[in-house]
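A look at the structure
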Amino acid sequence: MKCISVYTDNFEAFSDIFDRVVDSPMEENEEQEVEGITISHSGDVPEFYLERMSAKPEVVVMKDKSRGLTILQHGKVFEILLPVLETA
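Quantities reported herein were computed from a predicted structural model and do not represent experimental measurements.

Take the pattern of salt bridges next. This model, assessed by the stated rule, comprises 4 salt bridges. With a shortest N-O distance of 2.1 Å, Arg20 and Glu35 are connected by a salt bridge. One end of the pair, Arg20, is in helix α1 (residues 11-23); the other, Glu35, is in the loop between β2 (31-34) and β3 (37-44), and 15 residues separate them in sequence. The exposed category is assigned to Glu35, whose relative accessible area is 55%. Because the salt bridges share partners, they merge into one network encompassing Asp19, Asp23, Asp64 and Arg67.

A few words now on the nonpolar core. Grouped together as the largest cluster of nonpolar side chains are 17 residues, with contacts concentrated most on Val6 and Ile80. Where this core is concerned, the elements lending two or more residues are β1 (2-6), α1, β3, β5 (69-74) and β6 (77-82). No other element matches the 6 residues that α1 contributes to this core. If near-sequence neighbours (up to four positions away) are discounted, Ile80 is found in contact with Lys2, Cys3, Ile4, Val6, Phe14, Phe18, Val21, Val22, Leu69 and Thr70.

Definitions and cut-offs
Residues numbered from 1 in each chain as written. Predicted model: local features only at pLDDT ≥ 70, side-chain atom pairs only at ≥ 80, totals over all residues. Heavy atoms only, no water. Salt bridge = Lys/Arg side-chain N within 4 Å of Asp/Glu carboxyl O. Helix = DSSP H or I, 4+ residues; strand = E, 2+ residues; numbered from the N terminus. Buried < 20%, exposed > 50% of the residue type's maximum accessible area, 1.4 Å probe, protein only. Core = buried A, V, L, I, M, F, W, Y, C linked by side-chain atoms within 4.5 Å. Contact = heavy atoms within 4.5 Å.

Following this line, the structure appears as structure tokens:
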């Protein structure tokens, strides 16, 4: 899974830029600023990362089923976990 970190604890601000963040092409370890909020492509995370983070009581888990992605919110960061298409 590809992980994009959005550094804000403001859900409304996150919601305002969400579509742009998901749709923007980013290279691994690239950092950008969108409407004053820093976002970065944090690289790939293993499947167990989602399971481990979901078990923590301070982590909020949201799903966007239409896009097949998961959003984790904890502290002052939202992490968007996007599935990576396997190429054979």
